[in-house]
Every structure is written in structure tokens, then in C-alpha cells.
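# Per-entry structural report
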Amino acid sequence: MNLSQLANHRILDQPVYQPGKPIEQVAREHNLDPNEVCKLASNENPWGASPLAISAGEDALKNVHLYPEGSGFELRKKISQHHQLEPSQIILGNGSNEIIELLGHVFLGKEDEVIVGEHAFVVYKLMSLLMGAKPVVVPMPNLVHDLNKMHEAISSRTKLIFLPSPNNPTGTANSADEILDFANSLPDHVIFCLDEAYAEYLESPPDLRPLIKDGKKIVAMRTFSKIYGLAGLRIGYGYGSQEMVELLQKARQPFNVNSIAQATAIKALTDEGWVSLCKKRNQEGLEQMKSGCAELNLEYVPSQANFLLIKVGNGLQTFHSLQKLGVITRPMAKNLSEYLRISIGTKEENEKALKALKQVIAKGVGI
Ligand SMILES: *Cc1c(COP(=O)(O)O)cnc(C)c1O
């Protein structure tokens with residue numbers, strides 16, 4: 001008997017998440033100097049974390065022999081103040097991806113359906129399959145989540161609906177009013193999960209708090225991986241009603257968020273100046289990339305986040321060609337194979353990316 005025969009049969013067909021390639025790996029593979037390689041593949045903050053946050057993390061290293069604060073008391077208190085919620089309405093995760101998984105553990109079984117957009121962040125679908133639930137995939141005309149179509153897809157088996165806004169990889173967002181109306185209109189047996197990984201880049205993200213207070217079944221997820229620049233520490237959180245959070249708390253491991261991540265995130269949240277500076281720089285970078293694409297006659301999807309989905313023709317080939325030139329981007333799955341996702345970098349990184357794109361296009365690679 002081989003090992004696979006002993007495995008839970010679902011795991012054999014389970015698709016695997018493909019992360020952005022690390023700089024060191026690309027440098028090794030293409031014989032490049034790692035300092036010459038830029039990674040614009042995972043929507044990280046190119047300016048890094050707040051210096052105050054980093055120094056708090058360094059201080060926390062001194063106590064690394066101790067287990068972390070298991071309940072994340074201080075950080076949950078800070079987050080609750082940030083959103084004007086109660087600490088009992090906040091759950092911390094090892095990245096907000098863990099919150100997605102906790103939702104699966106708490107709510108999903110074989111009979112359940114999960115509604116996701118065709119071009120939504122892929123982790124919802126992976127998690128649903130892993131739990132044995134059925135992802136119900138709703139088309140996204142114009143690469144925007146169509147909330148009417150998502151509503152029409154609801155059945156008596158629907159348990160969760162995931163809406164990332166702005167969405168990754170399209171960068172598109174639904175308006176705050178549209179999202180609130182949608183959340184309000186859902187039947188009682190459906191849980192609405194709003195993924196706000198890029199909410200800090202929006203001018204006016206939807207305010208779900210009145211609906212949560214009203215008893216709507218809602219959970220929102222945020223992360224420290226994007227604008228806060230802490231992707232390497234793996235920390236995010238969810239918020240919702242106290243009842244929702246209590247259920248999710250039961251499904252997590254005792255020390256799911258490490259002590260350095262907790263200490264760093266507290267300061268990252270406090271340093272609002274850093275966040276608004278990065279937001280402004282990202283806006284400038286987005287403009288730089290958009291006008292660069294226009295000059296190269298490349299179409300792109302209007303983005304409200306820190307990345308741009310660009311129509312390059314043959315996405316995978318363009319990805320490989322750019323990588324040889326030291327620019328790591330993100331190729332897309334089959335259903336978006338003409339596109340490439342490029343994270344907004346520093347001004348210099350964007351310049352380098354545009355120059356490389358120009359070179360690749362001149363060779364006719366992408367076409
Ligand atoms: C990056 C991202 C996340 C955050 O993942 P972490 O686990 O917090 O690093 C969540 N949702 C979407 C849509 C993302 O793009």
C-alpha cells in the first residue's frame with residue numbers, strides 16, 4: 001500500500017497555491033545579482049514596515065524564549081480601538097489567510113456551498129475544497145464582482161460568500177454602498193465574508209459595524225501583510241460580532257500569532273503617518289505604471305490597490321522574459337492567461353519594470 005492510498009482522498013486532488021517567487025531563487029536560476037532583482041509579485045509594501053514597528057519587533061526578540069501572549073490581548077485592544085469595536089470582536093490570525101481557514105473549520109462541511117467570484121482571490125476556493133465543501137463560481141464580467149449574480153447563486157446550501165474588495169488579482173473594488181446593500185440583503189443562513197486586505201488603499205471603505213451590531217452574519221478580514229509591510233511576520237485579523245469571534249477562536253491553535261508579530265503590529269497600527277505616506281507613494285506609483293502602460297499601448301484593469309493587472313498577450317511567456325531581466329511578476333491562471341499582475345514598487349522599481357516590459361514587447365514575446 002502506498003502512502004497516497006492512506007491519505008484523505010480529497011487531498012490527492014487538492015490544488016496547491018502558487019506563491020510569488022523569492023528574489024534569491026530567481027537570482028540563482030538566472031545567474032543574477034540578488035541586489036539587481038526586484039520582486040513585484042506579491043503586493044508587498046516596497047517601502048517596508050514603519051521604522052517604529054521594526055524597532056518594537058527587535059525589542060520583542062529579547063523575550064523570544066517565552067511563549068507569545070496567547071490571546072493577543074494588547075494587539076486586540078489596539079485593533080479594537082482602531083475600529084471602535086470591542087476586543088471580544090477581534091480574532092488574530094497567522095496572516096488573514098488563517099482567518100479564511102478558521103471560517104472553513106467552523107462553518108463548512110460536505111453539504112455546504114461557498115460562493116466566490118470567477119477571478120477572486122484563489123484561497124477561498126482552495127480552502128473550500130480542502131474542507132470538502134463546494135465552491136460555486138460566479139462569472140465576473142469586466143473583471144468586477146457582480147453582486148447581483150452572486151445573490152442569484154445563493155441556494156439553501158450556501159454557507160459562506162467571499163467578497164474581496166479591492167480584489168486580488170483584478171484590483172477592482174465594489175462601492176461601499178453596493179457592499180452594504182448586498183450584506184443587508186442576504187438570507188439568514190448565509191455568512192458574508194468581506195476580505196479587506198487592501199482596504200487601507202481605498203478612499204472610503206464600507207463601514208460594516210452598524211450591520212454587525214444589528215446581528216447580521218458578517219466577518220471582515222484585514223491583514224498586516226500589505227500596506228503595513230509585515231508580510232514576513234504572518235499576521236492578520238478578523239472582526240465581527242462577539243458570537244462570531246467566539247466560534248472562530250475555538251478553531252485556532254493556542255499560539256497562532258507569534259510574539260514578534262504581535263509587538264510589531266501594535267506599533268505598525270499606531271504609526272498612521274507611515275501608512276498615509278505609503279498610501280500616497282502607492283498612488284504615485286500606480287499613476288507611473290498606468291502612464292507607462294499607456295505609452296506601451298498596454299491595456300490594464302483599473303486598480304484601487306497596490307498592483308496592476310496588465311494585458312500583455314501571453315502572460316506566462318512575458319513573466320519568464322521579465323524574470324530573466326530581474327523583474328519578478330505574477331503570471332495568472334488559465335482564465336486570465338493574457339494578463340500579468342505587477343505590484344507597485346518604488347519609483348526606481350517601477351521604472352525598471354516598465355523598461356523591461358518595453359524590451360520584452362519589442363522582441364514580440366508577449367504577442
Ligand atoms: C494578500 C491578501 C491577503 C492577505 O494574506 P495574509 O495571509 O494576511 O498575508 C488576503 N486576501 C487577499 C485578497 C490578499 O490579496
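### Some words on the nonpolar core
Core analysis: the biggest nonpolar cluster contains 48 residues, and Leu75, Ile79, Ile161, Phe192 and Phe224 have the highest contact counts within it. Top element by residues in this core is helix α12 (residues 259-270). It accounts for five residues. Structurally, this core is a two-domain feature, drawing no fewer than three residues from each of domain 1 (3-48 + 273-362) and domain 2 (51-271). In terms of nonpolar packing, the next biggest core, distinct from the first, is built from 25 residues, Phe121, Ala133, Val219 and Val245 among them.

### Section: the domain arrangement of the protein
The accessible area lost on association of the parts is a frequent measure of interface size. Annotation of the protein at the domain level lists domain 1 (3-48 + 273-362) and domain 2 (51-271). Summarising the inter-unit geometry, the C-alpha centres of domain 1 and domain 2 are found 24 Å apart. It is Val275, Lys279 and Gln304 that lose the most area in domain 1 upon contact with domain 2, and together they represent 22% of the buried surface on that side. At the boundary of domain 1 and domain 2, one finds one salt bridge. Measuring nitrogen to oxygen at the nearest pair gives 3.5 Å for the salt bridge that ties Glu203 to Lys279. Those elements giving two or more residues to the side of domain 1 that touches domain 2 turn out to be α2 (9-12), α13 (272-295), β10 (307-311) and β13 (339-343). The dominant element in the side of domain 1 that touches domain 2, judged by the number of residues it contributes, is α13, at six residues. Of the residues in the side of domain 1 that touches domain 2, the class split is 15 nonpolar, eleven polar and four charged.

### Overview of the site of the ligand
Taken together, 13 residues sit near the ligand, with Ser96, Tyr198, Thr223, Ser225 and Lys226 positioned nearest. One nitrogen or oxygen atom from the side chain of Asp195 is found 2.6 Å from a nitrogen atom belonging to the ligand. Relative to its free-state accessible area of 390 Å², the ligand is covered by the protein chains to the extent of 94%.

### Here we look at unusual backbone geometry
Of the consecutive residues Ser165 and Pro166, the connecting peptide bond is found in the cis state with omega at -5°. One can find Pro166 in the loop between β5 (158-164) and α9 (176-185). The omega angle of the peptide bond from Asn168 to Pro169 is 20°, so this bond is cis rather than trans. Examined against the element boundaries, Pro169 turns out to sit in the loop between β5 and α9. Located in the positive-phi region is Leu143, a residue other than glycine, with phi close to 65°. Note on Leu143: relative accessible area 11%, which makes it buried. Positive phi, normally seen in glycine, also occurs at Arg234, with a value near 60°. Judged by relative accessible area, which is 30%, Arg234 ranks as partly exposed.

### Structural notes on the pairing of strand β8 (residues 236-240)
Along β8, five of the five residues are buried, which leaves the element largely enclosed by surrounding structure. Residues Gly236, Gly238 and Gly240 of β8 are buried on one face, and the alternating residues Tyr237 and Tyr239, pointing to the opposite face, are buried as well. Relative to β8, strand β2 (residues 90-93) runs antiparallel, the two being bridged by four bridges. Within β8, the position partnered with Gly93 by the bridge is Gly236. The pairing of strand β7 (residues 218-223) with β8 spans five bridges and is antiparallel. In the strand pairing of β8, Ala220 is matched with Tyr239.

### Some thoughts on the side chain of Gln89
Among the secondary structure elements, Gln89 is positioned in the loop between α5 (73-83) and β2. By relative accessible area, Gln89 is classed as buried at 14%. Of the polar contacts made by the side chain of Gln89, one reaches the backbone oxygen of Gly240; its length is 3.0 Å.

### Here's the deal with the packing of α13 against helix α15 (residues 347-362)
Between α13 and α15, the shortest axis-to-axis distance is 10 Å and the interhelical angle comes to 15°. On the basis of the axis angle, α13 is roughly parallel to α15. Judged by the twist between their axes, the crossing of α13 over α15 is right-handed. Note on element contacts: α15 touches α13 through Lys347, Asn350, Glu351, Ala353 and Leu354, opposite Gly285, Gln288, Met289, Gly292 and Cys293. Of the residues that constitute the contact of α13 with α15, the class distribution is four nonpolar, four polar and two charged.

Conventions we followed
- Residues numbered from 1 in each chain as written.
- Predicted model: local features only at pLDDT ≥ 70, side-chain atom pairs only at ≥ 80, totals over all residues.
- Heavy atoms only, no water.
- Core = buried A, V, L, I, M, F, W, Y, C linked by side-chain atoms within 4.5 Å.
- Buried < 20%, exposed > 50% of the residue type's maximum accessible area, 1.4 Å probe, protein only.
- Helix = DSSP H or I, 4+ residues; strand = E, 2+ residues; numbered from the N terminus.
- Domains from an automatic or database assignment.
- Buried area = accessible area lost by both parts, 1.4 Å probe.
- Salt bridge = Lys/Arg side-chain N within 4 Å of Asp/Glu carboxyl O.
- Nonpolar A, V, L, I, M, F, W, Y, C, P; charged D, E, K, R; others polar.
- Near = heavy atom within 4 Å.
- Polar contact = N/O pair within 3.5 Å; in protein donor to acceptor, adjacent residues only side chain to side chain.
- Areas by Shrake-Rupley, 256 points an atom, 1.4 Å probe, with all protein chains shown as cover.
- Pairing = 2+ DSSP bridges.
- Axes fitted to C-alpha atoms, helices over the stretch in contact; angles between N-to-C directions.
- Parallel < 35°, antiparallel > 145°, perpendicular 65-115°, else oblique.
- Left-handed = near helix turned anticlockwise from the far one by under 90°.
- Contact = heavy atoms within 4.5 Å.

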